[in-house]
Amino acid sequence: VVAASSPSDCFETAIEACRIAITSMTPVVLISDGYLATGSEPWKIPEPSAIEPIKVEKLKDAAGYQPYARSDATLARAWVSPGAAGFEHRIGGLGKEDVTGNVSYSPEDHEHMVRIRHAKVARVAEYIPEIAVYGPRQGELLVLGWGGTFGPIRAAVERLHRDGKAVASAHLRHLNPFPRNLADVLERYEHILIPELNLGQLAMLIRSAYNIPVATYNKVQGQPFKISEIEAEIRRLLD
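Below: a short report on this structure. On a predicted model such as this, the values are computed, not experimentally measured, just so you know. (Residues numbered from 1 in each chain as written. Predicted model: local features only at pLDDT ≥ 70, side-chain atom pairs only at ≥ 80, totals over all residues. Heavy atoms only, no water.)

## Quick notes on the overall build of the protein
Move 1: Along its length, the protein carries 7 helices and 7 strands.
Move 2: Secondary structure elements of the protein, listed N to C terminal, follow the sequence β-α-β-α-α-β-β-α-β-α-β-α-β-α.
Move 3: Dimensions of the protein, computed from the C-alpha atoms along their principal axes, are close to 70 × 45 × 35 Å.
Move 4: Contacts in the protein between residues at least 24 apart in sequence constitute 70% of all its contacts with a sequence separation of at least 6.
Move 5: For the protein, the accessible surface area stands at approximately 13,900 Å², while carbon and sulfur atoms represent 54% of it.
Move 6: Each charge class in the protein can be summarised by its mean position, and for the 26 positive and 29 negative side chains these summaries are 2 Å apart. (Helix = DSSP H or I, 4+ residues; strand = E, 2+ residues; numbered from the N terminus. Contact = heavy atoms within 4.5 Å. Areas by Shrake-Rupley, 256 points an atom, 1.4 Å probe, with all protein chains shown as cover. Lys, Arg positive; Asp, Glu negative; His and termini not counted. Charge placed at Lys NZ, Arg CZ, Asp CG, Glu CD.)

## Brief notes about a nonpolar patch on the surface
Move 1: Where nonpolar side chains cluster on the molecular surface, the patch consists of Leu94, Val103 and Tyr105 and spans about 340 Å² of accessible area.
Move 2: Of note, tyrosine 105 is situated in the loop between α2 (34–37) and α3 (107–122).
Move 3: For tyrosine 105, a relative accessible area of 71% corresponds to the exposed category. (Patch = residues over 30% accessible without salt bridge, like charges linked within 9 Å, V, L, I, M, F, W, Y side chains within 5 Å. Salt bridge = Lys/Arg side-chain N within 4 Å of Asp/Glu carboxyl O. Buried < 20%, exposed > 50% of the residue type's maximum accessible area, 1.4 Å probe, protein only.)

## Quick look at the pattern of salt bridges
Where charged atoms from two side chains of opposite charge come close, those side chains can pair.
Move 1: All chains considered together, the criterion is met by 10 salt bridges.
Move 2: With its nearest N and O atoms 3.0 Å apart, the salt bridge here joins arginine 159 to glutamate 231. Residue arginine 159 is found in helix α4 (residues 150–162), and its partner glutamate 231 is found in helix α7 (residues 227–238); the two are separated by 72 residues along the sequence.
Move 3: Arginine 159 gets classed as partly exposed once you look at its relative accessible area, which sits at 31%.
Move 4: When its relative accessible area of 15% is taken as the criterion, glutamate 231 is described as buried.
Move 5: Among the charged side chains, a network of salt bridges with common partners joins Arg159, Asp163, Glu231 and Arg235.

## Some words on the side chain of aspartate 98
Move 1: Note that aspartate 98 resides in the loop between α2 and α3.
Move 2: Polar contacts involving the side chain of aspartate 98 include one to the side chain of histidine 112, which spans 2.9 Å.
Move 3: Those residues in contact with aspartate 98 that sit more than four places away from it in its chain are Tyr68, Arg70, His112, Met113 and Ile116. (Polar contact = N/O pair within 3.5 Å; in protein donor to acceptor, adjacent residues only side chain to side chain.)

## Remarks on the environment of alanine 14
Move 1: Within the secondary structure layout, alanine 14 lies in helix α1 (residues 9–24).
Move 2: Alanine 14 sits 11 residues away from alanine 3 along the chain, and the two C-alpha atoms are 9.3 Å apart.

That's the geometry; what it means functionally is another story.
Here it is in structure tokens:
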């Protein structure tokens, strides 16, 4: 699951979603929201040559080919040209046996394949970027956000920096799996505040994944956060 944080970031996250889907051969959900869709910002269209290519290497030698053999690094299967001689294999919704891809009705095979796919998604964390922190690397409070809350969170933290407050912010682009360093970042702060335009979806996931207490600040009014609202909530927690 990948979430854009600004109108221009929608371009970057769309490429990121495609890169993950092709590299790990897994579905990817790309999240936007109404405030990004109706927002605007200056944005320079990048040169195509400046965008890192998404490499797809297809097998060319059919000797010993097994349709469900997997990469050790990503657990993804090999890309092959459909119907190419020597690479024919079964497709469709029926349960498959690992490695061979033969149709299987075994409950044990089904569980094995579900666990493999789960592990494949988890391994995406090994090559996506680590989460970056804006502000002190440790301190009193970290404001953690995702999606279209990026702007007001960053602006509120900048205001508090001018008052000498040890407050930092971090913004999640990857929501499943989380960045591999997220737990380490969260543990460096006395308090975690998660502002969300819902009833606490990210907060629920953070508590479940890391058993770390977090403070929530939720708003479900059909309106985005004001900078002053987040600033006031941060000051309340610090006091």
